[in-house]
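Residue-level structure breakdown
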Amino acid sequence: MDVLYFAWVRERIGLPKERVETSAATVSDLVAELRAREPRYEAAFADLSALRVALDQELADFDAPLAGVREVAFFPPMTGG
Amino acid sequence: MDVLYFAWVRERIGLPKERVETSAATVSDLVAELRAREPRYEAAFADLSALRVALDQELADFDAPLAGVREVAFFPPMTGG
Amino acid sequence: MRIAVQESSFDLGAEANAFAAGVAGCGAVVTFTGIVRDVAQGDLDVMEIEHYPGMTEKAISKIAEEAKSRWSLGDVLVIHRYGRLAPGEQIMMVATAARHRKDAFEAAEYLMDYLKSRAPFWKKEFTSDGAEWVESKDEDEDALRRW
Amino acid sequence: MRIAVQESSFDLGAEANAFAAGVAGCGAVVTFTGIVRDVAQGDLDVMEIEHYPGMTEKAISKIAEEAKSRWSLGDVLVIHRYGRLAPGEQIMMVATAARHRKDAFEAAEYLMDYLKSRAPFWKKEFTSDGAEWVESKDEDEDALRRW
């Protein structure tokens, strides 16, 4: 699946988008896999309360299932308007 | 003093403004004097709850004193905006 | 702060742009525009707005000053027309500018609620059935109580 | 209903006039315009707005449709920019039209509250001290609870 990063999540991880092969069942499982990769992922995902996630461009929870999902995005709380 | 009428009060009385010599102590006293004049005044002042009054261009109550007042205006509730 | 009571029409866009250009330091600009809408029957020919010259300007100034004392505002604009207006014509507008959106919104609503019931304007609608003065609504008087 | 997510600037006045001209039967038009304001220190050089292409349009459409289902609206407009903006530049605007002012005001406030916290935009401020992402405020999240 495609994993996208925005704002300081993008900056900490150092890229806006990557292809991830995973069998993670939920968003939380995917986050655990990513955190285990490298310190820059650990730094980005250190505080989940400061993060939001969207599945196929719809806001979702961290316990949401990933089955059938093609695009996951991680970002800080939005500051539009 | 000058007495001004607006909207349907003006239409019922038939004029926008007139000079009134009075020794009325309050707005209510002035209304009583005007009502006693002619049926068109009686028609205009029949229901005081449907009227508003301004003294020298400031909204006032019907029991307000007239001492020192130069301009009295009677009109229905306002419909601006 | 600018208050205009006028018979002539105004250009909402030009007024909004001029207002927004003059409010350095404000992050939020709200405008409200009132438009003559056709009455339920769909046959409004013209609306006539009568006002009380002299008192109108004073009453609006007082309302605007009160808004400025209640909210932190960068600027306030009120334009209100009188005379004969056709359906679709703009009757009036207010604009407010503030650092934060909540102040700008609340002040604009406050101005509208008070202009509606405390500024000396009276509307008369001319339809094919005749002419009738617009009656004030209880809900407009009620709206003042929230402030 | 028009939703525009764009890098280029927009003309508030022209947008307001076009919007107001197209809302026959509506007596009330409300606009909100967000402007880049200088930060407290007075040294904001530029604001950069990042967004999530694709999701942004969907999220705004959903917010606007929800507003249309909650209030009786004649029309809705949302314009939101992204990219680099200087202090004083207009970031975004919403416009609402309704028969009655209450609907137009409430819908505009609803749109703003949701655009603030539920549309995927992120602001970064560049000052002489460096660059910093604007943090979301608890009060913006709280504002959603009133709806």
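In the nomenclature of an unreviewed UniProt entry, chain C is known as Molybdopterin synthase catalytic subunit of Ruegeria marisrubri. Turning to chain C, the UniProt annotation filed under Subunit (unreviewed entry) states: "Heterotetramer of 2 MoaD subunits and 2 MoaE subunits. Also stable as homodimer. The enzyme changes between these two forms during catalysis."

The name an unreviewed UniProt entry gives chain A is Molybdopterin synthase sulfur carrier subunit, with Ruegeria marisrubri as the organism. Taken directly from UniProt, the Sequence similarities (unreviewed entry) text for chain A runs: "Belongs to the MoaD family."

1. A closer look at the relation of the copies chain C and chain D
You can overlay chain C on chain D at an RMSD of 0.0 Å; the transform is a turn of 180° with a shift of 0.0 Å along its axis. On this basis, the relationship between the two copies can be described by a two-fold rotation axis. Residues of chain C ranked by C-alpha distance from the rotation axis are headed by C:Gly13, positioned 1.7 Å from it. A share of 100% of interface residues in chain C that are also interface residues in chain D marks the association as one of identical surfaces.

2. Comments concerning the pattern of salt bridges
Between side chains of opposite charge, a pair can form as their charged atoms come close. If you walk through the whole model with that rule in mind, you get 38 salt bridges over all chains. Notably, a salt bridge pairs B:Arg40 with B:Glu38, separated by 2.7 Å at the nearest N-O pair. Here B:Glu38 falls in the partly exposed class, since its relative accessible area comes to 35%. Two residues, D:Arg84 and D:Glu48, come together in a salt bridge whose shortest N-O distance is 2.6 Å. Here D:Arg84 is found in strand β5 (residues 83-85), whereas its partner D:Glu48 is found in strand β3 (residues 44-51), with 36 residues between them in sequence. Judged by relative accessible area, which is 52%, D:Arg84 ranks as exposed. The partly exposed category is assigned to D:Glu48, whose relative accessible area is 28%. Among the ionic contacts, a cluster of salt bridges with common partners joins C:Arg101, D:Glu109, D:Asp113, D:Asp140 and D:Arg146.

3. Observations concerning the packing of helix α1 (residues 12-21) of chain C against helix α1 (residues 12-21) of chain D
Axis separation between α1(C) and α1(D) bottoms out at 7 Å; the angle between their running directions is 150°. When you trace α1(C) past α1(D), the crossing you get is right-handed. Contact residues: α1(C) offers C:Leu12, C:Gly13, C:Ala14, C:Ala16, C:Asn17 and C:Ala20, while α1(D) offers D:Leu12, D:Gly13, D:Ala14, D:Ala16, D:Asn17 and D:Ala20. A per-class count over the contact of α1(C) with α1(D) returns eight nonpolar, four polar and no charged.

Thresholds, definitions, all that
- Residues numbered from 1 in each chain as written.
- Chains lettered and ligands numbered in written order.
- Predicted model: local features only at pLDDT ≥ 70, side-chain atom pairs only at ≥ 80, totals over all residues.
- Heavy atoms only, no water.
- UniProt positions renumbered as here; feature names shortened; annotations may be inferred.
- Least-squares fit on C-alpha atoms with pLDDT ≥ 70 in both.
- Contact = heavy atoms within 4.5 Å.
- Salt bridge = Lys/Arg side-chain N within 4 Å of Asp/Glu carboxyl O.
- Buried < 20%, exposed > 50% of the residue type's maximum accessible area, 1.4 Å probe, protein only.
- Helix = DSSP H or I, 4+ residues; strand = E, 2+ residues; numbered from the N terminus.
- Axes fitted to C-alpha atoms, helices over the stretch in contact; angles between N-to-C directions.
- Left-handed = near helix turned anticlockwise from the far one by under 90°.
- Nonpolar A, V, L, I, M, F, W, Y, C, P; charged D, E, K, R; others polar.

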